[in-house]
2 protein chains.
Amino acid sequence: MQRTELIDELRRIVGPRGVVHNRDALMTYDADGCVMDTGEPHVVVLPTSAEQVSGVVRLAARSRVPIVPRGAGTGLSGGATAMSGGIVISTARMDKVLQIDTKNGRVLCEPGVINWELSQTLKPYGYQFAPDPSSQKACTVGGNIANNSGGPHCLKYGITASHVLGVQLVLPSGEVIWTGEGSPHAPGYDLTGVITGSEGTIGLVTAAWLKLTRLPEALRVVLALFPDIAGASNSVSQVIAGGFLPAALEIMDRLAIRAVNDMYQLGLPESAGAALLIECDGVEDGLDELLEDVITICRRNGAIEVRPARTLAEQNQVWAARKNAFGAMGRLAPTYYLADTVVPRTRLPYTMEMVGKISLEYNLPIANVFHAGDGNLHPIILFDRRDRSQNQRALEAATSVMHVSIEQGGVISGEHGIGVEKQQYMTLLFNTDDLAAMAGLHQSFDPLDLFNPGKIFPRGRGCGELAALRRSAVSWAELKGSVTG
Amino acid sequence: MQRTELIDELRRIVGPRGVVHNRDALMTYDADGCVMDTGEPHVVVLPTSAEQVSGVVRLAARSRVPIVPRGAGTGLSGGATAMSGGIVISTARMDKVLQIDTKNGRVLCEPGVINWELSQTLKPYGYQFAPDPSSQKACTVGGNIANNSGGPHCLKYGITASHVLGVQLVLPSGEVIWTGEGSPHAPGYDLTGVITGSEGTIGLVTAAWLKLTRLPEALRVVLALFPDIAGASNSVSQVIAGGFLPAALEIMDRLAIRAVNDMYQLGLPESAGAALLIECDGVEDGLDELLEDVITICRRNGAIEVRPARTLAEQNQVWAARKNAFGAMGRLAPTYYLADTVVPRTRLPYTMEMVGKISLEYNLPIANVFHAGDGNLHPIILFDRRDRSQNQRALEAATSVMHVSIEQGGVISGEHGIGVEKQQYMTLLFNTDDLAAMAGLHQSFDPLDLFNPGKIFPRGRGCGELAALRRSAVSWAELKGSVTG
């Protein structure tokens, strides 16, 4: 099919205003937050209903054109990038909160609803949507589901998978199914679980029942300062091992503190080598005692100062510094590469020490701002993209961080997905049997490999590459012929 | 392959003591708690390692003999029953807790570990495994994973799916994979989610990393008595809508109270038409206030009496009455049929009223003991199995309960699985597209349909039957040939 024909057909399905095909406009869709990998789609559509999405998908299947689902494009792994062209389906116009059902503790909304706006909408009812990625003022709940996103408060409340009760899903065949409608007790296979974190490779969510989380009655925020990151990491490990469950435990290291200190007028001392942001929430009674226990552990691990954020304004200031720390990195270097790995909490101090060594080895500054309570590292490798050598060293340093994390029993992605950025690392974590099981699952949903193709699975690498994995899955499936055939 | 040959081969894999083939011994494996559907296996094996399980599975695949995984056989839906013979793989000898890792909040154990014993083992460390089915003194964690089991405390702590961090799994191909090792942030598809609740149809779990839940600092148990079930149901609905989260909210109706009253010397008054068991847990501070708020709601809904269980002995007595209520039904009738459905909490009062009408319509007493906080009904239909008419009416009454639950936006199984007992009801809840998506997923793992065959999917019914569903999934998959040739 010619591109112009495709555009005409798409217009018939979503209306003329729902199709973007102008080259300048398309350029804004050529990457997500990860600018290392880019790719321009042939066309972008902005449907307004599941029926329209289904129509687009059926057309794409008939025409063998790839589909790339896209939320706000705030991912950092290239997951929403059309690497080999095709149709980008943007959920931007599916942005309505459809039903707030407080009595059953759930809310029904479309995938393009912005995470932050959902929580603002729920606030007057006394509820929130708990997962809160740093990008929450832009990212969408559909993107959160696709990437199984985390956020600072996921330490206490769990990542996105714990908050999705059921979704309406357009399958690669164009069929529209519901995977559940809010009961955690749904029988049959857990299709909600399959879709969550599948990065747009097995379907497109067109509506979701999400879990409501009660806003806490009260909360406390303090910043504990340490001479070095080891003291902060050890404190986090001991807080959790002690059975305490703060709402958030976030660490910033010396470089990160330097970046945000001026910008947010935090007035932190030069001597601070690490800051541990502690938030405790719950019922008012007992909250100060919990906080006191956590602070005691910090002091035992060498905290030099503990600063409470006493007013709402102070709390917002501290959180803004943490959530916008990535942006503040622009003060330190023209480009950064965000590594995103997870290690068991007990391995945090050692892993952070190794990250320091990697920084020295590759002669690039690395700042650290991370979800310590979850063991979710975010080493921010600072470099100048225009310098070829720095570019190369940044990528090698990131690979070293992956290797160290896996050696410590960790995984290669915390919350930003695999996308295209990390697919070559999948074989570090999974063997061929593991990947073949995933490829078989993928094939059962998307046999034409048209949904976000070229993502997640390693490419062109023999054993880990999708076609080979599928052959491995299929060779087993072919046995079936000898039984029922 | 002859049965004797098969037995010889199995002995070589699991050792002579790991094979049960004596006819008398096999009879004890002919059913699970659901005695309505029985089926005797050809042979039972009791492996002690993933390698042995893999060996058995490979042999079964070569010989085209079905495999039926089995925990303690306490399910009530026939899920562990070998309906068409084959090899039952019992996990009874894989009963070790392998590693308690409190620092990372997880425990590694084999599938045959008994739920209750796991929590007893964790107690000295200050932890528990939170899902607590009524059968917890017998049921295994492998069975809990297969059925995604619930229990009274799942209201606050979530059902089994919320507590499985990753599993070692023997696939129908005999391959052994790990789906995760404890990090909630595992990248790739959520195979842990796929296996949880899949009732042994896509693999056999040989080890699992489970989440540790801290034992609460303190708890309170009270029994609120109401003249009728409506008052109790409305209280539950209002407690949750008010944002309160007790650890458990369990209702017993008049008939159930009658059954347990004498047995456990509860001394409840004749006037009590419903008892609401409330447990609140957490830190000591604020707990009495939470309880008081809940009790106020009960009184507003007509509670005639509120009895606190002041001592540990009194608490254990109340819980024993609740957990053994099914057993106590023997005092009322020779047989009972346990229905197990879920409705949105707000639909509880109406649904309970309808259950009362169904009891009158079919002229059979129905007792109710259920997880009210979750909206998980357990109408216990009392009848005499030897009476053909009662038998028939019991089944029809159960079907009516299903229909009413689905009409109210509910589902057909809370925690006992679909098994063989409810497969014919799957089409009430799912349409052909939904079921075809599940069948496709199943096929990608178990193309020979050898793992617990004849379960979950409707049988011999045209549109909902597995072979037809697979054809529907396959016809789409065959398109692939035209692309990749």
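Residues numbered from 1 in each chain as written. Chains lettered and ligands numbered in written order. Predicted model: local features only at pLDDT ≥ 70, side-chain atom pairs only at ≥ 80, totals over all residues. Heavy atoms only, no water.

Participant: What exactly am I supposed to notice about the relation of the copies chain B and chain A here?
Facilitator: What relates the two chain copies is a rotation about an axis together with a slide along it. Least-squares fitting of chain B to chain A yields an RMSD of 0.0 Å, with the superposition described by an axial translation of 0.0 Å and a rotation of 180°. The superposition operator between the copies reduces to a two-fold rotation axis. Take the interface residues of chain B: 100% of them recur as interface residues in chain A, which is what a same-surface contact looks like. (Least-squares fit on C-alpha atoms with pLDDT ≥ 70 in both. Contact = heavy atoms within 4.5 Å.)

Participant: How do you make sense of a negative patch on the surface when you look at a structure like this?
Facilitator: Taken together, the side chains of E217, D285, E289, E292 and D293 of chain A together with E217, D285, E289, E292 and D293 of chain B define an acidic patch exposed on the protein surface. Mapped onto the negative patch, the elements with two or more residues apiece are α10 (287-300) of chain A together with α10 (287-300) of chain B. Turning to its location among the elements, E217 of chain A is positioned in the loop between β11 (213-214) and β12 (218-226). Classification of E217 of chain A by relative accessible area gives exposed; the value is 58%. (Patch = residues over 30% accessible without salt bridge, like charges linked within 9 Å, V, L, I, M, F, W, Y side chains within 5 Å. Areas by Shrake-Rupley, 256 points an atom, 1.4 Å probe, with all protein chains shown as cover. Salt bridge = Lys/Arg side-chain N within 4 Å of Asp/Glu carboxyl O. Lys, Arg positive; Asp, Glu negative; His and termini not counted. Charge placed at Lys NZ, Arg CZ, Asp CG, Glu CD. Helix = DSSP H or I, 4+ residues; strand = E, 2+ residues; numbered from the N terminus. Buried < 20%, exposed > 50% of the residue type's maximum accessible area, 1.4 Å probe, protein only.)

Participant: Where do I start with the confidence of the model for chain A in this structure?
Facilitator: When pLDDT is low, close inspection of the predicted coordinates is not appropriate. All names here are of chain A. Confidence in the prediction of chain A, expressed as mean pLDDT, is 88, and 94% of residues score 70 or more. Per-residue pLDDT, averaged within each element of chain A, yields its smallest value for helix α17 (residues 466-484) (53) and its largest for strand β10 (residues 204-211) (97). Ignoring residues within four places in sequence, the model shows residues 476-485, a span with pLDDT below 50, making 17 contacts including any to other chains. The complex model carries a pTM of 0.82, and its ipTM stands at 0.71. (pLDDT = per-residue confidence, 0-100.)

Participant: Just to check I follow, could you spell out the sheet that holds strand β4 (residues 87-90) of chain A for this structure?
Facilitator: One key point about sheets: their strands pair by backbone hydrogen bonds, in either a parallel or an antiparallel sense. All names here are of chain A. In spatial order, the strands read β1-β2-β4-β3; together these 4 strands make up an open sheet with mixed pairing. This sheet does not close on itself; its edge strands, each paired only once, are β1 (19-20) and β3 (67-70). Taken together, the 2 bridges between β1 and strand β2 (residues 43-45) define a ladder with antiparallel strand orientation. If you follow V20 over to β2, its bridge partner there is V44. Lying on the sheet, helix α1 (residues 3-14) is in contact with β1, β2 and β4; it crosses β2 at an angle near 5°. Against the sheet, helix α3 (residues 50-63) touches β2, β3 and β4, its axis set at about 170° to β4. (Pairing = 2+ DSSP bridges. Axes fitted to C-alpha atoms, helices over the stretch in contact; angles between N-to-C directions.)

Participant: Which parts of the structure should I look at to understand the sheet that holds strand β6 (residues 106-109) of chain A?
Facilitator: All names here are of chain A. On the basis of which strands lie adjacent, the open sheet formed by 5 strands has the order β5-β6-β10-β8-β9 and antiparallel pairing. Because the sheet does not close on itself, it has two edges, and the strands there are β5 (97-101) and β9 (176-178). For this sheet, the mean inter-axis angle between neighbouring strands, taken without regard to orientation, is 15°. Relative to β10, β6 runs antiparallel, the two sharing 4 bridges. Paired with R106 across the bridge in β10 is K211.

Participant: Would you mind showing me how to read the packing of aromatic side chains here?
Facilitator: The description of an aromatic ring pair uses the distance of the two centres, along with the angle that the planes make with each other. Summed over all chains, the structure comprises 4 aromatic pairs over all chains. Look at Y189 of chain A and F457 of chain B: their rings are 6.0 Å apart centre to centre, the planes differ by 55°, and that puts the pair in the tilted class. Pair noted here: Y189 of chain A is in the loop between β9 and α7 (191-195) and F457 of chain B is in the loop between α16 (432-445) and α17 (466-484), and the two residues belong to different chains. Like Y189 of chain A, the residue F457 of chain B is buried in the burial classification. We note K137 of chain B situated over the ring of W116 of chain B; from NZ or CZ to the ring centre the distance is 4.6 Å. A cation over a ring is seen here: K323 of chain B above W319 of chain B, with NZ or CZ 5.9 Å from the ring centre. (Phe/Tyr/Trp six-rings, centres within 6.5 Å; stacked < 30°, edge-to-face > 60°. Lys NZ or Arg CZ within 6 Å of the ring centre and 35° of its normal.)

Participant: How should I be thinking about the pattern of salt bridges in this particular structure?
Facilitator: Oppositely charged side chains are able to pair whenever their charged atoms sit close together. Taken as a whole and judged by the stated rule, the model has 24 salt bridges over all chains. For R307 of chain A, the salt bridge is made with E305 of chain A, and the minimal N-O distance between the two is 2.6 Å. Salt-bridge contacts for D101 of chain B lead to R106 of chain B; the nearest nitrogen and oxygen are separated by 2.8 Å. Each member of the pair D101 of chain B and R106 of chain B is classed as buried. In the salt-bridge network here, residues are joined through shared partners; they are D95, K96 and E110 of chain A.

Participant: Quick question: what am I supposed to make of the environment of E396 of chain A here?
Facilitator: Residues and elements named next belong to chain A. Summarising the element assignment, E396 is placed in helix α14 (residues 388-407). Under the relative-accessibility criterion, E396 is labelled partly exposed at 33%. In the structure, E396 is positioned 272 residues away from P124 in sequence and 48 Å away in space, judged by C-alpha atoms.

Participant: What is the right way to read the interface of chain B and chain A from this model?
Facilitator: Often, the extent of an interface is quoted as the loss of accessible area upon association of its parts. Taken residue by residue, the interface counts 71 residues in chain B and 71 residues in chain A. Our enumeration of links across chain B and chain A arrives at 0 salt bridges. Here chain B is connected to chain A by 8 residue pairs in polar contact (both at pLDDT 80 or more). Within the residue set of the side of chain B that touches chain A, elements represented by two or more residues are β9 (176-178), α7 (191-195), α8 (229-241), α15 (426-429), α16 and α17 of chain B. (Polar contact = N/O pair within 3.5 Å; in protein donor to acceptor, adjacent residues only side chain to side chain.)

Participant: What is the right way to read unusual backbone geometry from this model?
Facilitator: Most peptide bonds adopt trans geometry, and most residues besides glycine take a negative phi value. Residues and elements named next belong to chain B. Residue N363 is not a glycine yet carries a positive backbone phi of 55°. Turning to its location among the elements, N363 is positioned in the loop between α13 (348-361) and β18 (366-371). Look at N363 and you get exposed, because its relative accessible area is 59%. One non-glycine residue, I456, lies in the positive phi region at around 65°.

Participant: Explain the nonpolar core to me, please; I cannot follow it from the model alone.
Facilitator: Grouped burial of nonpolar side chains is what soluble globular proteins tend to show. Ranked by size, the top nonpolar core spans 74 residues in total, and within it L210 of chain A together with L210 of chain B carry the most contacts. Those residues in contact with L210 of chain B, other than ones at most four positions away along the chain, are G105, R106, V107, C109, L118, F129, V141, I145, H163, V164 and L165 of chain B. (Core = buried A, V, L, I, M, F, W, Y, C linked by side-chain atoms within 4.5 Å.)

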